[in-house]
Amino acid sequence: MRDALPFDKITHSGEGDQWLRVDWSLTNVCNYRCAYCGPNLHDGSAPPHEMSVLKRFCDNVQTYASRQNKRVLFGFAGGEVTYLHYFTELLEHIASQKGLVTIVSNASSPLSWWRRNVKYLHYVTLSLHCDQMKNFEHFKQVAKLVSDAPTTGLHISIMMDPKHFDRSVEFAEELKQDVRASIALMPLFHGFGTRHPKTRFSYTADQENRMKAFKGEETHKDIPVIRGGLCLTGYKGKEFASSGDLIIQGLN
């Protein structure tokens, strides 16, 4: 039987109450083929819509949010959204309406793309895939660029494939020395991106402890906290955490 959880209630901590968040898988085209991702996350089977359709949807969401006195944050994932040839145009359109954008990316687009577009990004989550990444130095340079941007938050998720566990930890330690960001060693789940039941990859007790203990050094910036944290209420009183924290600790 599973041990009792250290909390008995989870609520939103309230920071994002004035925002309407739209999580949007904009494309399933990706330049990576990670073995632990379902093929529908990278096989290109769902071509992205035309720009006119995307803009019209954004406009409708903005109208809907305005009626509720809220602002909009679009959270784009894929696939790899930075490879869409018109993504900059979409970012500019959302910015013109005072909406905000977060993205999930593997950081493989050229530095020139990031220099041009980082000003449109409210928050970036970079995912490091050890078995697919060809150039760690490029990944680190992208992370530094985003970390240095005054209005862009940064989180780095190291995807912990047990086959590459030690090398992934080495990458994480080097990033922690050179980049100011929250960094997490993320456990993987079989069936990710599919409709099959999700089961956690098998890790040794030492590996589990290393994932739980690792933390990056985040730079605190004067930007809105929109994806509100979680307030955990239990026998320890109230604690605050993110969904990622719960996954790493095995409490999700």
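Attention here is on the structure that accompanies the text. (Residues numbered from 1 in each chain as written. Predicted model: local features only at pLDDT ≥ 70, side-chain atom pairs only at ≥ 80, totals over all residues. Heavy atoms only, no water.)

1. Observations regarding the side chain of serine 108
Inference 1: Looking at the secondary structure, you find serine 108 in the loop between β4 (100-105) and α3 (111-117).
Inference 2: Taking relative accessible area as the criterion, serine 108 reaches 19% and is therefore assigned buried.
Inference 3: In this structure the side chain of serine 108 is engaged in a polar contact, spanning 3.0 Å, whose partner is the side chain of asparagine 31.
Inference 4: Polar side-chain contacts of serine 108 include one of 2.5 Å to the side chain of asparagine 106.
Inference 5: Beyond its immediate stretch of four places on either side in the chain, serine 108 contacts Asn31, Tyr32, Tyr83 and His138. (Helix = DSSP H or I, 4+ residues; strand = E, 2+ residues; numbered from the N terminus. Buried < 20%, exposed > 50% of the residue type's maximum accessible area, 1.4 Å probe, protein only. Polar contact = N/O pair within 3.5 Å; in protein donor to acceptor, adjacent residues only side chain to side chain. Contact = heavy atoms within 4.5 Å.)

2. Notes on the nonpolar core
Inference 1: Within the largest apolar cluster, 64 residues are counted, with the highest numbers of intra-cluster contacts made by Phe76, Phe87, Ile103, Trp114, Leu126 and Ile156.
Inference 2: Sequence-distant contacts of phenylalanine 76, that is, excluding residues within four places in its chain, are made with Trp24, Leu26, Val81, Phe87, Leu90, Ile94, Val101, Thr102, Ile103 and Val104.
Inference 3: Counting 5 residues, the second-largest nonpolar core is a separate cluster that includes Phe7, Leu232, Ala241 and Leu246. (Core = buried A, V, L, I, M, F, W, Y, C linked by side-chain atoms within 4.5 Å.)

3. Re the pattern of salt bridges
Inference 1: Here the structure, examined in full by the defined rule, presents 9 salt bridges.
Inference 2: A salt bridge links aspartate 23 to arginine 21, with the nearest nitrogen and oxygen atoms 2.8 Å apart.
Inference 3: Residue lysine 140 is joined to aspartate 178 by a salt bridge in which the shortest nitrogen-to-oxygen separation is 3.0 Å. Placement of the pair is lysine 140 in helix α4 (residues 136-148) and aspartate 178 in helix α5 (residues 165-178), with a sequence separation of 38 residues. (Salt bridge = Lys/Arg side-chain N within 4 Å of Asp/Glu carboxyl O.)

4. A closer look at the layout of surface pockets
Inference 1: Of the volumes computed, that of the second largest pocket is approximately 270 Å³.
Inference 2: What lines the second largest pocket is a set of 15 residues, among which Pro6, Leu232, Glu239, Gln249 and Leu251 lie closest to the centre.
Inference 3: When contributions to the lining of the second largest pocket are tallied by element, the ones reaching two or more residues are α6 (205-213), β11 (237-241) and α7 (243-248).
Inference 4: Here the lining of the second largest pocket is composed, by residue class, of 9 nonpolar, 1 polar and 5 charged. (1 Å grid on protein atoms, 1.4 Å probe; cavity = no way out; pocket = protein on both sides within 12 Å on 5 of 7 lines; lining within 4 Å. Points joined across faces, edges and corners; volume = space filled by probe spheres on them. Nonpolar A, V, L, I, M, F, W, Y, C, P; charged D, E, K, R; others polar.)

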